[in-house]
Amino acid sequence: KNEVEQSPQNLTAQEGEFITINCSYSVGISALHWLQQHPGGGIVSLFMLSSGKKKHGRLIATINIQEKHSSLHITASHPRDSAVYICAVSRGAQKLVFGQGTRLTINP
Amino acid sequence: NAGVTQTPKFQVLKTGQSMTLQCAQDMNHNSMYWYRQDPGMGLRLIYYSASEGTTDKGEVPNGYNVSRLNKREFSLRLESAAPSQTSVYFCASNIDRDAYEQYFGPGTRLTVT
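Here we summarise the structure given alongside this text.

**Brief notes about the overall build of chain A**
Item 1. Within chain A one finds 0 helices and 11 strands.
Item 2. For chain A, the N- to C-terminal ordering of α and β elements is β-β-β-β-β-β-β-β-β-β-β.
Item 3. Relative to the compact-globule value of 13 Å for 108 residues, chain A shows a C-alpha radius of gyration of 13 Å, a close match.
Item 4. Each principal axis of the C-alpha distribution contributes one length, and for chain A these read about 40 × 25 × 25 Å.
Item 5. Counting only residues that meet the buried cut, chain A has 45% of its 108 residues in that class.
Item 6. Considering only contacts in chain A between residues 6 or more positions apart, those separated by 24 or more positions represent 53%.
Item 7. Counting every atom, chain A has about 5,200 Å² of accessible surface; 49% of that belongs to carbon and sulfur.
Item 8. A distance of 8 Å separates the average location of the 10 positive side-chain charges in chain A from that of its 6 negative side-chain charges.

**Details of unusual backbone geometry**
Residues and elements named next belong to chain A.
Item 1. The residue after serine 7, namely proline 8, is reached through a cis peptide bond having omega -5 degrees.
Item 2. Along the chain, the position of proline 8 falls in the loop between strand S1 (4-7) and strand S2 (10-14).
Item 3. Even without being glycine, lysine 68 reaches a positive phi, approximately 55 degrees.
Item 4. Tracing the chain through its elements places lysine 68 in the loop between strand S7 (59-64) and strand S8 (69-74).

**With respect to the layout of surface pockets**
Item 1. Quantified by volume, the largest pocket comes out at close to 780 Å³.
Item 2. A:Gln37, A:Val84, A:Arg103, B:Gln37 and B:Pro39 are the residues nearest the centre of the largest pocket, which is lined by 33 residues in total.
Item 3. Put simply, the parts of the chain that give the lining of the largest pocket at least two residues each are strand S9 (83-90) and strand S11 (102-107) of chain A together with strand S4 (31-38), strand S9 (87-94) and strand S11 (108-112) of chain B.
Item 4. If one sorts the elements of the lining of the largest pocket by residue count, S11(A) sits on top with 4 residues.
Item 5. Counted by class, the lining of the largest pocket contains 11 nonpolar, 18 polar and 4 charged residues.
Item 6. Quantified by volume, the second largest pocket comes out at close to 370 Å³.

**Quick look at the pairing of strand S3 (residues 19-25) of chain A**
Residue and element names in this part refer to chain A.
Item 1. Burial along S3 is one-sided: Ile19, Ile21, Cys23 and Tyr25 are buried, while Thr20, Asn22 and Ser24, pointing the other way, are not.
Item 2. Relative to S3, S1 is paired through 4 bridges, and the arrangement is antiparallel. Of the residues in S3, the one forming a bridge with glutamate 5 is serine 24.
Item 3. As paired elements, S3 and S8 share 6 bridges and run antiparallel to each other. Residue pairing in the sheet places isoleucine 21 in a bridge with leucine 72 of S8.

Parameters and conventions
Residues numbered from 1 in each chain as written. Chains lettered and ligands numbered in written order. Predicted model: local features only at pLDDT ≥ 70, side-chain atom pairs only at ≥ 80, totals over all residues. Heavy atoms only, no water. Helix = DSSP H or I, 4+ residues; strand = E, 2+ residues; numbered from the N terminus. Rg over C-alpha atoms; globule rule 2.2 N^0.38 Å. Buried < 20%, exposed > 50% of the residue type's maximum accessible area, 1.4 Å probe, protein only. Contact = heavy atoms within 4.5 Å. Areas by Shrake-Rupley, 256 points an atom, 1.4 Å probe, with all protein chains shown as cover. Lys, Arg positive; Asp, Glu negative; His and termini not counted. Charge placed at Lys NZ, Arg CZ, Asp CG, Glu CD. 1 Å grid on protein atoms, 1.4 Å probe; cavity = no way out; pocket = protein on both sides within 12 Å on 5 of 7 lines; lining within 4 Å. Points joined across faces, edges and corners; volume = space filled by probe spheres on them. Nonpolar A, V, L, I, M, F, W, Y, C, P; charged D, E, K, R; others polar. Pairing = 2+ DSSP bridges.

Dropping the structure here:
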């Protein structure tokens, strides 16, 4: 079993829908990261959080440390949000452990 | 600031050939990383450098060597390329340690035939 599990693996939605991507992990962490990888391949860090909730524009990330679970929400989704969203956890010793990613497609 | 730059963007090698992937960052970051990304596998750490002058193995170091040339530059060398090393390679950097946001380069798509 992977240390970091994301669901769903693939998600297709219509423009304007509220999107939720989930990430569960099985180990103790110091922080959790959400990354975005666009079809061109570049990877951008969206959030790093160790408790509570963070918001940036239409993106919201939450984490529940006790339940070892995080969610990434996108409000009023748009086709330009189509990308692969990757969850990763910091476990110390300079290493991130990555989930396999969720491929999101938003249709106009 | 250019952020994290990588060269080349694309490369095709024959089995047994060698090459070096270059990475540089202009953010004065202490830590630098090399990852590979394969379909269905997610990103996997090859090597990292916590600070100038130090390097350590990650999850999949076999077949690779690294050099932290100075604070800015961290190179990845394939001494004798194998088809199993066909992958997309990403370099990343951050201020220090894994609890800080990492900044990624654009990637190098390597094919070994």
